[in-house]
Amino acid sequence: MSAAAQHRRTRTSRLARKLAVAGTGVAVLALPLIGASSASAATPTVQTATTLGYSNTLDGWIRASLAVMAEHGIPGSYDGIYRNVIRESSGNPYAINLWDSNAAAGTPSKGLLQVIDPTFNAYHVANTSWDPYDPVANITAACNYAAQRYGSIDNVFGAY
């Protein structure tokens, strides 16, 4: 191969490599944008008091839970939820029972309505958080459980 042909080939190869690298860089930069718009469209927003337009207080958590419960046909009233929350946790979403039989068995009761993890997971309501300490998720899962077992949280007047 002549020296001139060798030079043209090397220059052409370098140009092709530069274009390939530049094109790959643009594609890599575009991926997060494409992925973000696709993922956000497919991922529903977790329903919390604030995402539903309620205050981040006990009153707001109960009202937000009632809104989610209505969407899913879960019965219960503000008074029934409030009564049970005050008895179970005094309104502390981070309450945890470390002394009863559930705790002794390794599954302490957690959150506003003192739900153990297996019950929370079994009665979790779609589009709420999977965190048992999340107030709306805890109330809604507990009310879903109470509805299945007792007809409604309104029928619960003691530990359940």
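What counts, and where the lines are drawn
All residue numbers here refer to positions counted from 1 along the written sequence of the relevant chain. This being a predicted model, a pLDDT of at least 70 is required before a residue's local features are given, and a value of 80 or more before pairs of side-chain atoms are given or counted; all residues contribute to the totals for chains, interfaces and linings. Only heavy atoms go into the side-chain values, all of them from the structure, while hydrogens and water stay out. A run of H or I in DSSP becomes a helix once it reaches four residues, and a run of E becomes a strand once it reaches two; helices and strands are each numbered from the N terminus. Three exposure classes are used, based on accessible area relative to the maximum for each residue type with a 1.4 Å probe and protein chains only: buried under 20%, partly exposed in between, and exposed over 50%. The definition of a polar contact used here is a pair of N or O atoms within 3.5 Å, where within protein one atom must be able to donate a hydrogen and the other to accept one, and adjacent residues in sequence count solely through side-chain atom pairs. Contacts are assigned to residue pairs that have any heavy atoms within 4.5 Å of one another. Of the grid points, spaced at 1 Å and generated over the protein atoms alone, those admitting a 1.4 Å probe that cannot get out make up cavities, while open sets with protein on both sides within 12 Å along at least five of seven lines make up pockets; any residue with an atom within 4 Å of a point is treated as lining. Grid points are joined across faces, edges and corners, and a volume is the space filled by probe spheres set on the points. Residue type decides the class: Asp, Glu, Lys and Arg count as charged, Ala, Val, Leu, Ile, Met, Phe, Trp, Tyr, Cys and Pro as nonpolar, and the leftover types, Gly among them, as polar. One less than the number of residues in a helix, times 1.5 Å, gives the span that helix is expected to have. The directions from the helix axis to the C-beta atoms form the arc being described. Note on terminology: a nonpolar core comprises buried Ala, Val, Leu, Ile, Met, Phe, Trp, Tyr and Cys residues joined through side-chain atoms within 4.5 Å. Structural elements are reduced to axes, namely lines fitted to C-alpha atoms, with helices fitted over the stretch in contact, and the angle between N-to-C directions of any two is expressed from 0 to 180 degrees. Note that the term roughly parallel is reserved for angles under 35 degrees, roughly antiparallel for angles over 145, roughly perpendicular for angles of 65 to 115, and oblique for everything else. Each crossing is labelled by how the near helix is turned from the far one, with a counterclockwise turn of less than a right angle marking it left-handed and a clockwise turn marking it right-handed.

Q: Which residues make up the side chain of Ser152, and what are the values?
A: In this fold, Ser152 is placed in the segment after helix 6 (135-150). Assessed through its relative accessible area of 7%, Ser152 is described here as buried. Of the polar contacts made by the side chain of Ser152, one reaches the backbone nitrogen of Asp154; its length is 3.0 Å. The contacts of Ser152, once residues within four sequence positions are left out, are Pro75, Gly76, Ala146 and Ala147.

Q: Kindly report on the layout of surface pockets, identifying the contributing residues and their values.
A: In this model, the largest pocket occupies a volume close to 310 Å³. Taken together, the elements giving at least two residues each to the lining of the largest pocket come down to helix 4 (101-104) and helix 6. Residue composition of the lining of the largest pocket, by class: eight nonpolar, six polar and two charged.

Q: Can you lay out helix 3 (residues 78-89) for me, pointing to particular residues and giving the numbers?
A: Here helix 3 spans 16 Å end to end across twelve residues, near enough to the 16 Å set by a 1.5 Å rise per residue. Those residues of helix 3 not exposed but buried are Gly80, Ile81, Asn84, Val85 and Ser89. One face of helix 3 carries all of its buried residues, which in axial projection span an arc of 125°. Contacts made by the buried residues of helix 3 are with helix 2 (58-72) and helix 6.

Q: Lay out unusual backbone geometry with the relevant residues and their values.
A: Not every positive phi belongs to a glycine, and Ser90 is a case in point at roughly 55°. Positive phi is not limited to glycine here, since Asn127 has a value of about 70°. Its location among the elements puts Asn127 in the loop between helix 5 (117-123) and helix 6.

Q: Tell me about helix 6, and please be specific about residues and values.
A: If you check helix 6, its first and last C-alpha atoms are 21 Å apart, about what 16 residues at 1.5 Å a residue would give, namely 22 Å. Of all 16 residues in helix 6, 13 are buried; the element is thus mostly enclosed. Gly151, located one to two residues past helix 6, shows a positive phi value of around 95°.

Q: Hey, could you go over the environment of Gly53 for me, with residue numbers and the actual values?
A: Relative to the helices and strands, Gly53 resides in the loop between helix 1 (3-42) and helix 2. Given a relative accessible area of 65%, Gly53 falls into the exposed group. Gly53 sits eleven residues away from Ala64 along the chain, and the two C-alpha atoms are 8.0 Å apart.

Q: Please provide a residue-by-residue account of the nonpolar core, values included.
A: Counting 25 residues, the largest nonpolar core has Ile81, Ile139 and Cys143 as its most contacted members. Sorting the residues of this core by element identifies helix 2, helix 3 and helix 6 as the ones contributing at least two each. The biggest single contributor to this core is helix 6, with eight residues. Leaving out residues up to four positions away in the same chain, Ile139 has contacts with Trp61, Ile62, Ser65, Ile81, Leu112 and Leu113.

Q: Account for the packing of helix 2 against helix 6, with residues named and values stated.
A: Two elements in contact, helix 2 and helix 6, have axes whose closest approach is 9 Å; the angle formed by their N-to-C orientations is 50°. The pairing of helix 2 with helix 6 is recorded here as oblique in orientation. Considering only the axes of helix 2 and helix 6, their crossing is right-handed. Here Trp61, Ile62, Ala64, Ser65, Val68 and Met69 of helix 2 lie close against helix 6, whose contacting residues are Pro135, Val136, Ile139, Thr140 and Cys143. Classifying every residue of the contact of helix 2 with helix 6 gives nine nonpolar, two polar and no charged.

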